[in-house]
Structures are given as C-alpha cells and as structure tokens.
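Structural overview
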Amino acid sequence: MTPSLAAHAPSGPLATRWERHRDALALVGPARRRLHSVLVVGAGLAGASAAATLSELGYRVRCLVFHDSPRRAHSVAAQGGINAAKGYQNDGDSVERLFHDTLEGGDFRSREANVHRLAELSTRIIDHAVAQGVPFAREYGGHLANRSFGGALVSRTFYARGQTGQQLLLGAYGALAKEQAMGGVTLLPRREMLDLIVVDGRARGVVARDLVSGTLEAHVADTVVLATGGYANVYFLSTNAKASNATAIWRAHRRGAAFANPGFVQFHPTCLPAAGEHQAKLTLMSESLRNDGRLWVPLRAGDDRRPEAIPEAERDYFLERRYPRFGNLVPRDLGSRACKAMCDEGRGAGPGGRGVYLDLTEAARRLGADVLRERYGNLFELYEHITGDDPLRSAMRIAPAAHYSMGGLWVDYDLMSTIPGLFVIGEANFSDQGANRLGASALMQGLADGYFILPYTLAGYLDGAQLAAVAEDGPEARGALADVRARIGRLLGLAGRRTATDFHRALGRVMWEACGIERSREGLAKAIDEVAALREAFWQDLTVPGETGELNQELERAGRVADFLELGELMCRDALAREESCGCHFRVEHQTAGGEARRDDERFAHVAAWMPAAPGRAPERLVEPLEFESLALRERSYR
C-alpha cells in the first residue's frame, strides 16, 4: 500500500504553530515513560542530544554507534559555527529574518513550517550549549561573539574558533555519558545497523552487526530513531569522514520509508583540491574564512605564477564582481558554481587548474596575524600541515567538494517517516534545508531535533500507539536476521577481482560528472544506465577477503558500496525528473541568460519522495506540494 505524504503541519500563524502543536501533543507520564524503550541509531549531535534528553525524561534508551566512541562522530567536522537569532550584534537580525534567510537559501524547496520552527528554537540551543560549558568565542567584554556566514547580511553565527562542531558534540556527549552512568542509556559502540525490523507495519527494531566480533544482533524497542547523517560519500571524494555512509537510511528505505529529494546534495566551495587519484577523501576549510578572505583567480587563462607574484590589477575577484551585494559570502551553491566556472574557463589555480584562491594576506596586514589566528587558528594549522604553505603569507587554494545531503528520508512535521514509529533526525532526514543548506545551519538542525523537538513528538506517537510486545527472537526479527545473513553470504561468496573501493571510485566519477555541480538531461539519462551497469558488475566481479565472524573492514565497505550503487541511481532519477534549476540542483537546460538558476515554481514547488522499487519495476515517485504563506516565491537576489 502506497503511503500518503501527509506532513501534519499545523495551521494558523507561523509564529505560533510550533507552540500550539507542542501544547496539543499528548504526553506520556513519568511512570509510563519507564516502561517505554527507544532505540537510537547514531550518536553524533542529533543522536547524542536525543538519546540524552529522552533518557533524562525517563525512557529506557539503547544507543547504537558504529564508532568506538560517540566523540568520533562526523559532527566534529563542522568547523565554522552554529546559527541563532539572538540579535547580539544589533544589526537587524530576528527570528523572522533567520527564517527568511534559511527558506530563501534553500531556494523555497523546504517545508515552511519546519523552517520557522528551526529559527524559533535556535536561541534556546545557544543557551543550552552555554549551560553545558561549550566554549563559544566571546567579545572583550564577555558577551558571546558572532560572525557572518554565506547567504546572510547579519552576523548570527556563534563559534568556537574552527572547532564548533567538536565542542558542541562534547557538550552533547557529556549529557549522554551522564545518562549512561546513571543507567538510563545503554550505549553499544562498534555496531552498524544493517536492517530495520518492521512488525505490524511499525518500526520496532534493527539488525546490527558487531564490527569487532562480526556477530549479528537483533535490537527491539517501542520506537526507532535514526540519526545516522548524510550520504555525500556516494561521490567517493567528499568532505565526509571516510566511514560515513547511507546504509541505515537506505535499509530503512528498502523496508518502505520514502526517500525525499535524493538529488539535493550540496557542494561546499571551500575545500582543498584533490591532489590525485590516490586520495580517499577531501579536507574541508570552513566557510567562516570567507569573512576575512577574498576569492579570486588570475585574469589571464593559464597564468601559473605564485599568487603573491600576480599583481592586483591582474586578479579577478569573481564573487565580488558577480554578486556585489553579498560578495564572498554568497550561499554555497552559488559559490561552488562560480568556482567551477572559473576553472572551466582555464583560470583555475594550482596544479591542473582545479582550484581558486582564497586570500587572507590583505586581512592579515590590516588586522594582524594574531587576530586571525585567534579566530581561525586550527584551520590555518590544518592547511599548513597538508600543503606546506602558510595561509597568512600566501593565498590558500580551494575547490568545491561534495559536502552535505539536503535529501534524506521523508519525515512529517513530527519527524516521523512513512513507517510509523520510525523517526529520522538531523542530516538523515530531508526536512529543513531545501535545495541548499546555508552555512552554520546543520548544527542548528541536529540539536533542535534532538533536544527540543523529538522529545515532544515521540511522546505524542507513543501515547496513541497500540504496541504489542516484540521479542528479539520473534518471527520478524528472525526474518530480518536471515535477510542480513543472506546478503552477507552473497557478498562473501563472490570470487571476483575488484575491490569495493575500486567500484566506489568508479561510481564517484559517474556521479561527479552527471549528478554533480551541473546536471543535464543527457548526462543523467546516461548515468542511470552506467550506474546500473556498474552495480551489475559489482555483484559479479567483487572480491571480499576474510569472513563474517571477525573484524572485517572490507566486508563493511562492500555492504556500504552496494547501497551507494542503488542510491546513486535514485539520485540521478530524481535529478532527471526535476526539470528546473534550484539551489544545488543546477540543470543546464534551465538557466537564465546570465547563467543563474531558473526555478519552475508552477510545476516543482514540491518535495519529491520515492518509494522503493519492487522487483522488475522502477521506484515510485510521490509528491508533497509545498505551501508558502508568509513569503511569496521569488527569485533570490544575491547581486
């Protein structure tokens, strides 16, 4: 039975929707909470904050994480900051302006009610983090400092040098560790979710593999929360941690959870260029550097002089030229396309002309090196360690890279997927970022979902759910375990010649060319066939050494790449079906005379959600129309 995409967003004035909805949600009393079990998969910012908060409320929480410690979650890589509409800079910021910036930054392809709720909750996140001891930067007088990020004309980004994600994660991890010590949370590290257990149409548990012993385990609960991050690693080279993958959400999708806007993947303009084929991942340089750094390329194609040898008159500050209103702080989709255009014109910087310059030398002369090191210190150390260049003496080289997934499992206003009882939070869902995430909004969403939204909406579900007892050796759990064993056995039974990494790298090339910064009808149609052929070759020519009952990282990698090969095709199908350009999704057939994205609000102001393909059939595409009540659809104006 095909589910409906009922968002269940409340009606009435936007400014009071969340408050009224929250007050109308049913509550679970303290004595009853102790009887309910919650399974949280993932312990990054979203997962750790949710697990800790639910445990503090009295629920029995089991938290699975595939790292040896939650402190290794990819949330630590979020460097530049977290947005909040505190208005400390007296520069005209407000909840309404943060809402407008986020909605416009996503090119009007996110659910309006969700975005307004996120803007409302942003201020509470900062207060909560400060109470936890997160060491945000402060002004001389002791007030919390702010800086600007792309897509905003105000300074609303709170930061801790270039370690904001790490410091916020330590705050959430401290809360989680406290609950673990008190017995409210059972934390199980080195477990990877490989399937979802569905009983009577409801999510009731997962199958996980102990990555050390290889043992398969069934974990059951009253409800399941996925907080497993994004899928940008489908491109092989990305800013994501190498182990980041899509298996948890993809396995849930295969069990019937709709996957929304899979083609919406952001390319971050401020990354170190790839050095060669040997490279396994890319390194991110925070967008915050664009506060003081200026992007430029040589005016003359093929100019390979050192940047300090190129005089000012022979430089093109292309973002300031193209987008004078926002300059170097344009949203990431615009910045990445502009960087690619410069390289395509032959004016790229560095070996192979694969990057552009991000120049902080003038700011160092104007402000002093010590001031910049105070703001960005660890970022400079990271850059110098990798490249050997001092970024305060010579311009940095940067390039766009796959970074963040705006797409993900479809959820309603309560953050529940199309499978009742399966909640999806943080980057794993699609709900808040539209077609392009503004910088410093990912941390905001993950913590809002975990600390301030899920604890209410999960209670609303549990109060009305008729939940029969489910055993870890029940028929549904045994069936899911058998499916996982068969899949692992099939992987280990292959006797081919190519490694999973080899297939992953080949998939990345196809995705980058056809479903990357620019897409075309012809390229996407060709890529769908190429990914399908690559998937067929994978199941014929893969080799996986070792066995299942042991630590086997090649087996882990093979399972993840198998899922990427299915997800990659769906991403191309989604991008092909969306006949418009919006945010990160730039179809060359749909652009203005000046080379900017041209939206089609008449036909495509909707969420595209895909149901899993049945044997021999293509995936089914569902549509959730997006309604905009407070802000008329219009072209973004960053010029």
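Here the structure is a predicted model, which means the values were calculated and not measured.

**Things to note about the layout of surface pockets**
Put simply, the second largest pocket is a space of about 850 Å³. Along the walls of the second largest pocket sit 30 residues, with Leu237, Ala274, Arg354, Trp512 and Glu513 positioned nearest its centre. Of all the secondary structure elements, the ones that give two or more residues to the lining of the second largest pocket are helix H9 (332-344), strand S15 (396-405) and helix H14 (500-514). Tallying contributions element by element places H14 first for the lining of the second largest pocket, with 5 residues. Partitioning the lining of the second largest pocket into residue classes produces 16 nonpolar, 6 polar and 8 charged.

**Some details on the packing of helix H3 (residues 45-57) against helix H12 (residues 442-464)**
Taken N-terminus to C-terminus, the directions of H3 and H12 make an angle of 30°; their axes are 8 Å apart at the nearest point. Here H3 is positioned roughly parallel relative to H12, judged by the angle of their axes. In the packing of H3 onto H12, the handedness of the crossing is right-handed. For the pair H3 and H12, the contacting residues are Leu45, Ala46, Ser49, Ala50, Thr53, Leu54 and Leu57 in the first and Leu443, Gly446, Leu447, Gly450, Tyr451, Leu454, Pro455 and Leu458 in the second. Here the residues of the contact of H3 with H12 are counted per class, giving 11 nonpolar, 4 polar and no charged.

**Observations concerning the side chain of Arg519**
In this fold, Arg519 is placed in the loop between H14 and helix H15 (521-541). Among buried Asp, Glu, Lys and Arg side chains, Arg519 stands out as unpaired, with Asp574 the closest opposite charge at 6.6 Å. Engagement of the side chain of Arg519 in a polar contact is seen with the side chain of His585, the distance being 3.0 Å. Not counting chain neighbours up to four residues away, the residues in contact with Arg519 comprise Tyr235, Gly263, Ala514, Leu524, Ala575, Cys584, His585, Phe586, Arg587, Val588 and Glu589.

Criteria and thresholds
Residues numbered from 1 in each chain as written. Predicted model: local features only at pLDDT ≥ 70, side-chain atom pairs only at ≥ 80, totals over all residues. Heavy atoms only, no water. 1 Å grid on protein atoms, 1.4 Å probe; cavity = no way out; pocket = protein on both sides within 12 Å on 5 of 7 lines; lining within 4 Å. Points joined across faces, edges and corners; volume = space filled by probe spheres on them. Helix = DSSP H or I, 4+ residues; strand = E, 2+ residues; numbered from the N terminus. Nonpolar A, V, L, I, M, F, W, Y, C, P; charged D, E, K, R; others polar. Axes fitted to C-alpha atoms, helices over the stretch in contact; angles between N-to-C directions. Parallel < 35°, antiparallel > 145°, perpendicular 65-115°, else oblique. Left-handed = near helix turned anticlockwise from the far one by under 90°. Contact = heavy atoms within 4.5 Å. Buried < 20%, exposed > 50% of the residue type's maximum accessible area, 1.4 Å probe, protein only. Lys, Arg positive; Asp, Glu negative; His and termini not counted. Salt bridge = Lys/Arg side-chain N within 4 Å of Asp/Glu carboxyl O. Polar contact = N/O pair within 3.5 Å; in protein donor to acceptor, adjacent residues only side chain to side chain.

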